[in-house]
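Chain and residue survey
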Amino acid sequence: MDETGISRRRFLSRAALLSAATVLPIRLLGEASPRPLRVILDLDIGIDDAFALLFAHYSPAVDLVGITTLFGNTTRDKSARNGLYIKERFGIGAEVYRGAAAALHHPLGDPPTFVHGEDGLGDTETINPSIEAADLSAPDFIARTIMDNPGEVTVIAVGPMTNLALARLAEPAIVDNVREIIVMGGAVGFDGELGNATTVGEANAWNDAHAMDSLFRYSWPVTMVGLDVTYTPDAAMDPVYLQRLRDQADDAGVFLERISRQYRKFYLASRGVDVTFQHDSIAVACAIAPELFEVKRGKLRVLTDGVARGQTIFCPEGHHEFESPEWADLPTHSVCSALDGPGFLELYERALTRAANA
Ligand code: BDR
Ligand code: CA
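Definitions and cut-offs
- Residues numbered from 1 in each chain as written.
- Chains lettered and ligands numbered in written order.
- Predicted model: local features only at pLDDT ≥ 70, side-chain atom pairs only at ≥ 80, totals over all residues.
- Heavy atoms only, no water.
- Helix = DSSP H or I, 4+ residues; strand = E, 2+ residues; numbered from the N terminus.
- Rg over C-alpha atoms; globule rule 2.2 N^0.38 Å.
- Buried < 20%, exposed > 50% of the residue type's maximum accessible area, 1.4 Å probe, protein only.
- Pairing = 2+ DSSP bridges.
- Near = heavy atom within 4 Å.
- Polar contact = N/O pair within 3.5 Å; in protein donor to acceptor, adjacent residues only side chain to side chain.
- Nonpolar A, V, L, I, M, F, W, Y, C, P; charged D, E, K, R; others polar.
- Contact = heavy atoms within 4.5 Å.
- Arc of directions from axis to C-beta.
- 1 Å grid on protein atoms, 1.4 Å probe; cavity = no way out; pocket = protein on both sides within 12 Å on 5 of 7 lines; lining within 4 Å.
- Points joined across faces, edges and corners; volume = space filled by probe spheres on them.
- Core = buried A, V, L, I, M, F, W, Y, C linked by side-chain atoms within 4.5 Å.
- pLDDT = per-residue confidence, 0-100.
- Axes fitted to C-alpha atoms, helices over the stretch in contact; angles between N-to-C directions.
- Lys, Arg positive; Asp, Glu negative; His and termini not counted.
- Salt bridge = Lys/Arg side-chain N within 4 Å of Asp/Glu carboxyl O.

1. Some details on the overall build of the protein
- If you tally the helices and strands in the protein, you get 15 helices and 9 strands.
- A compact globule built from 358 residues would reach a C-alpha radius of gyration of about 21 Å, and the protein, at 19 Å, matches this within 12%.
- Along the three orthogonal principal directions, the C-alpha set of the protein runs to about 55 × 50 × 45 Å.
- Buried residues in the protein amount to 59% of all 358 residues.

2. Let's talk about the pairing of strand 7 (residues 293-302)
- Among the 10 residues of strand 7, 7 are classified as buried, and the element is accordingly described as predominantly covered.
- When strand 7 meets strand 9 (residues 333-339), the two strands line up antiparallel, connected through 6 bridges. Directly across from Gly298, in strand 9, lies its bridge partner His333.
- With 5 bridges connecting them, strand 7 and strand 8 (residues 312-316) associate as antiparallel partners. Across the sheet, residue Arg301 finds its bridge partner in strand 8, namely Ile313.

3. Description of the site of ligand 1
- Near ligand 1, the surroundings consist of Asp48, Asp49, Asn73, His116, Val158, Met184, Asn196, Glu202, Ala203, Asn204, His279 and Asp280.
- For ligand 1, an oxygen atom lies 2.6 Å from a polar atom in the side chain of Asn73.
- Glu202 places a side-chain nitrogen or oxygen 2.4 Å from an oxygen atom of ligand 1.
- When contributions to the shell around ligand 1 are tallied by element, the ones reaching two or more residues are helix 3 (47-58), helix 9 (203-207) and helix 14 (279-288).
- A breakdown of the residues in the shell around ligand 1 according to their chemical character gives 3 nonpolar, 5 polar and 4 charged.

4. Observations concerning the environment of Ala50
- Within the secondary structure layout, Ala50 lies in helix 3.
- Between the alpha carbons of Ala50 and Asp280 there is a distance of 8.7 Å; along the sequence they are 230 residues apart.
- Ignoring sequence-local partners within four residues, the contact set of Ala50 consists of Ile45, Ile86, Leu121, Phe255, Leu256 and Ile259.

5. Remarks on helix 12 (residues 239-248)
- Taken as a whole, helix 12 has its buried residues at Tyr241, Leu242 and Leu245. Buried residues of helix 12, seen end-on, are gathered within an arc of 95° and therefore sit on one face of the element. Residues Val240 and Asp247 are exposed on helix 12 and point more than 90 degrees away from its buried face.
- On its buried side, helix 12 packs onto helix 3, helix 13 (250-271) and helix 15 (341-357).
- Positive phi shows up at Asp250, right after helix 12, with a value of about 60°.

6. Brief notes about the layout of surface pockets
- Approximately 750 Å³ is the volume found for the largest pocket.
- Every residue lining the largest pocket is counted, 39 residues in all, and those nearest its centre are Asn73, Pro112, Ala197, Ala203 and Asn207.
- Taken together, the elements giving at least two residues each to the lining of the largest pocket come down to helix 3, helix 5 (113-116), helix 9, helix 13 and helix 14.
- Broken down by element, the lining of the largest pocket gets its largest block of residues, 5 residues, from helix 13.
- Grouping the constituent residues of the lining of the largest pocket by class yields 18 nonpolar, 12 polar and 9 charged.

7. Overview of the nonpolar core
- One finds Ile86, Phe255, Phe293, Phe344 and Tyr348 to be the most contacted residues of the largest nonpolar core, which totals 72 residues.
- A total of 8 residues in this core trace back to one element, the largest contributor, which is helix 3.
- Of all hydrophobic cores here, the second largest spans 34 residues; its members include Ile142, Ala157, Ala167 and Met212.

8. Some remarks on the confidence of the model for the protein
- In this model, the protein carries an average pLDDT of 91, and 91% of its residues clear a pLDDT of 70 or more.
- Low pLDDT (under 50) marks residues 1-30, which in the prediction has 61 contacts with non-local residues, meaning those over four places away or in another chain.

9. So, the sheet that holds strand 2 (residues 62-69)
- The strand order across the open sheet formed by 9 strands is 3-2-1-4-5-6-9-7-8, and the pairing between neighbours is mixed. Sheet topology places strand 3 (96-98) and strand 8 at the edges, where each strand pairs with a single neighbour. For this sheet, the mean inter-axis angle between neighbouring strands, taken without regard to orientation, is 30°.
- Relative to strand 6 (residues 222-225), strand 5 (residues 180-184) runs parallel, the two being bridged by 4 bridges. Pairing of Met184 across the sheet is with Val225, part of strand 6.
- Strand contacts of helix 4 (residues 76-90): strand 1 (37-43), strand 2 and strand 3, with the helix running at about 175° to strand 3, the strand carrying the most contacts.
- Relative to the sheet, helix 6 (residues 138-148) contacts strand 1, strand 2, strand 3 and strand 4 (153-157), its axis offset from that of strand 2 by approximately 150°.

10. Some thoughts on the side chain of Asp119
- Relative to the helices and strands, Asp119 resides in the loop between helix 5 and helix 6.
- The side chain of Asp119 is buried and forms no salt bridge, while Arg81, the nearest opposite charge, is found at 5.3 Å.
- Within polar-contact distance, the side chain of Asp119 engages the backbone nitrogen of Leu121 at 2.6 Å.

Dropping the structure here:
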């Protein structure tokens, strides 16, 4: 357990830390904060979302208060069904809330079955949960939970940002009452990565570019976890790591290794490496172990139309354009620029295996 990491979280908010320095150093691996973070996890449940959901469920640093789902990696209904399946199989207490079926303004496209399979979970299991989603919609649940717990709730959004945008439209005051929003999405090019859905469009940003852009226009504390850090090579899970999870993390390990096979095939075909990149779990890690990340401060926009739909543009603090008419009115947010990859893998494995051995 890293005492330095714990005391940082206990005494300083992320905003206070960030005002102290534009770039934070990578620290040694941290562990659970004394009081678990109250988290709503918002997902388009495909394969890496399933990894993230079990990471949050088994992490002692997280108090998972709700699982909100939406379209993206698969359809709205399959995304919710996958959440219900995982909730039932692994005994997750939080309810599943069904959310958006499509983007705010873009027409609905076909889900990327070549990445996540027909069922969104790699087509290896029979996904047939016997439980049902809660009655409340995902945006209403997000808005209500934040307003009932001012300053307490962290939203980790790892799908298109549609549910969050709808929650803010339903209850604008959530902007001042959410503790933090951590988004897996976008890419600003720190590491040469700009897009995965298109040349410059990261999938979650591209799937609902208006929702993602609107997120950056409000002064709630947003931290962006983009492809800049989620493609960190030594944060990828390789076959040896996945086999170890299978052997040591009980049924969760068996499930995750099995669904990872389709995802490995996709990365082998598309990037020539036999690994899985865990975009969404890295966003969960950012919430519970921020000391693993370097962060830069600046303003963000997302292009909403045309060939550059979904492109994230970052104007860092100190840039000569920072106070220009195009950027002056926008609030400053945080963008992750580097990740301690082995630290992330260790944190993930420890959460999963500790649960199995408890
Ligand atoms: C993001 O898009 C989805 O395919 C993944 O689940 C992740 O949230 C990566 O670009
Ligand atoms: Ca996702």
